[in-house]
Amino acid sequence: MAMQIKSLEIFMMVVKLGSFSEAARTLYTVQSNVTSHIKKLETELNVELLHRQNPIQPTRAGVQLYGYAEKMLHLQKELLDSFSSHHLAVNLPLEIGSMETTAAVRLPSLFRNLQQHVPNFPFSLSTAPSRDLINLVTTSKLDCAFVANHAPIDGMFNLHVWTEQLVLISSKHAPAQLANEYLIQKKFIAFKQGCSYRKAIDQFLSAYHLPAANVIEMGSLDGIISCVSLDVGLAILPMSYIQQSHFAQSVMIHPIDSATAQINTYLIANRDLNTWASNMHHFVKYVKGMNQQLEK
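Note that this is a predicted model, so its numbers are computed, not measured. (Residues numbered from 1 in each chain as written. Predicted model: local features only at pLDDT ≥ 70, side-chain atom pairs only at ≥ 80, totals over all residues. Heavy atoms only, no water.)

Help me get a handle on the overall build of the protein chain, residues and values and all.
A tally of helices and strands in the protein chain yields 13 helices and 11 strands. Here the C-alpha atoms of the protein chain give a radius of gyration of 30 Å, more than 25% beyond the 19 Å that 2.2 N^0.38 yields for 296 residues. Each principal axis of the C-alpha atoms in the protein chain carries an extent, and together these give about 100 × 35 × 30 Å. With 296 residues in all, the protein chain has 44% of them scored as buried. Partitioning the contacts of the protein chain with sequence separation of at least 6, the portion at a separation of at least 24 is 74%. Roughly 16000 Å² of accessible area belongs to the protein chain as shown, and the carbon and sulfur atoms make up 52% of that amount. Taken together, the 23 basic and 22 acidic charged side chains of the protein chain have centroids lying 5 Å from each other. (Helix = DSSP H or I, 4+ residues; strand = E, 2+ residues; numbered from the N terminus. Rg over C-alpha atoms; globule rule 2.2 N^0.38 Å. Buried < 20%, exposed > 50% of the residue type's maximum accessible area, 1.4 Å probe, protein only. Contact = heavy atoms within 4.5 Å. Areas by Shrake-Rupley, 256 points an atom, 1.4 Å probe, with all protein chains shown as cover. Lys, Arg positive; Asp, Glu negative; His and termini not counted. Charge placed at Lys NZ, Arg CZ, Asp CG, Glu CD.)

I'd like to hear about empty space enclosed by the protein, residue by residue, with values.
Following the criterion strictly, the structure yields two cavities of 30 Å³ or more and no others. Quantified by volume, the largest cavity comes out at close to 40 Å³. As for the largest cavity, its lining consists of I189, A190, F191, C195, Y197, R198, I201, I224, I236 and L237. Looking at the lining of the largest cavity, the elements with two or more residues in it are β7 (188-190), α9 (196-207) and β9 (235-238). (1 Å grid on protein atoms, 1.4 Å probe; cavity = no way out; pocket = protein on both sides within 12 Å on 5 of 7 lines; lining within 4 Å. Points joined across faces, edges and corners; volume = space filled by probe spheres on them.)

Provide a residue-level description of unusual backbone geometry, including the pertinent values.
Each neighbour pair has its own omega, and for N54 with P55 the value is 0 degrees, a cis peptide bond. Here P55 shows up in the loop between β1 (50-51) and β2 (57-58). Here the phi dihedral of Y28 falls at roughly 55 degrees; this positive angle occurs in a residue that is not glycine. Relative to the elements of secondary structure, Y28 occurs in the loop between α2 (20-26) and α3 (31-45). At S140, a position not held by glycine, the phi torsion is positive, near 65 degrees. Looking at the element boundaries, S140 is found in the loop between α7 (130-138) and β5 (144-149). Looking at S140, the relative accessible area reads 58%, which means it is exposed.

How would you summarise the layout of surface pockets if you had to cite specific residues and measurements?
For the largest pocket, the calculated volume is near 260 Å³. In terms of lining residues, the largest pocket is bounded by 17 residues, among which N149, G194, C195, S196 and K199 are the most central. Among the elements of the structure, α7, β5 and α9 are those that each provide at least two residues to the lining of the largest pocket. Of all the elements, α9 adds the most residues to the lining of the largest pocket, at six residues. In terms of residue class, the lining of the largest pocket is made up of six nonpolar, seven polar and four charged. Of the domains in this structure, domain 2 (96-158 + 268-295) and domain 3 (163-263) are the two that each give at least three residues to the lining of the largest pocket. Considering the residues around the second largest pocket, the lining is formed by 12 residues, among which L114, H117, V118, K285 and Y286 are closest to the centre. When residues of the lining of the second largest pocket are traced back to their parent elements, those giving at least two are α6 (107-117) and α13 (278-295). Considering each element in turn, the lining of the second largest pocket owes the most residues, six residues, to α13. Of the residues that constitute the lining of the second largest pocket, the class distribution is six nonpolar, five polar and one charged. (Nonpolar A, V, L, I, M, F, W, Y, C, P; charged D, E, K, R; others polar. Domains from an automatic or database assignment.)

Put into structure tokens, the structure is as follows:
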């Protein structure tokens with residue numbers, strides 16, 4: 001039978017008090033139970049742990065076990081504390097995923113405020129399209145992710161965080177009013193398949209009864225907006241990103257249909273909260289508090 005933590009606790013109490021009966025009284029058990037646990041330890045380790053005298057003293061083997069028992073009980077407490085809703089697991093960074101646009105515009109201030117409130121909060125951030133992020137959270141490769149969608153993601157925990165206003169951008173050489181004849185000739189620039197904002201391109205064109213776009217795929221926001229400014233193509237991106245971009249004065253902004261224009265950003269995680277690491281509970285509590293402050 002494997003060694004029990006309870007046996008180590010009883011052994012340490014006997015050594016501290018120097019008495020089987022006092023240990024039993026302190027631990028609210030009977031002396032025979034204390035004796036049984038000590039004998040079990042001695043059998044498992046094949047040593048004699050205590051000099052049966054008054055007061056009881058540990059043998060050299062007992063002194064050796066006492067040192068290990070202290071470490072094991074401390075480690076057990078640390079383990080239990082790490083899963084406590086009040087304890088921050090500083091050695092286990094929260095693995096957060098995000099879309100590029102959210103990482104560029106929204107998360108810097110969120111993380112700054114988080115570090116001000118919880119200076120030791122550990123986290124790491126990786127970026128990917130929404131579809132990839134959903135898969136990574138589903139397979140527990142990420143604790144959580146910020147994804148864009150018009151509705152909550154089925155089968156997952158969803159916390160609405162922001163609503164983005166999407167706009168179409170073109171070069172300064174484009175006409176102020178983009179007619180169908182112009183749109184049908186232009187390419188669109190976007191992230192690879194799986195990006196929520198790429199899906200918005202299809203919805204936009206469908207609303208104008210236009211065929212699917214010829215899409216140029218790029219891997220960076222600055223690359224997309226730079227190419228738009230040089231009239232390589234058009235793009236649909238959040239207004240919040242355009243406004244803070246250093247290319248903002250180099251492109252023309254066109255409002256789009258309201259049904260397509262607004263898209264929500266959700267913090268998603270596994271729907272079963274019992275599967276969360278303890279730091280995830282802290283992070284969700286912080287994000288909820290941030291939302292409540294914004295609503296005031």
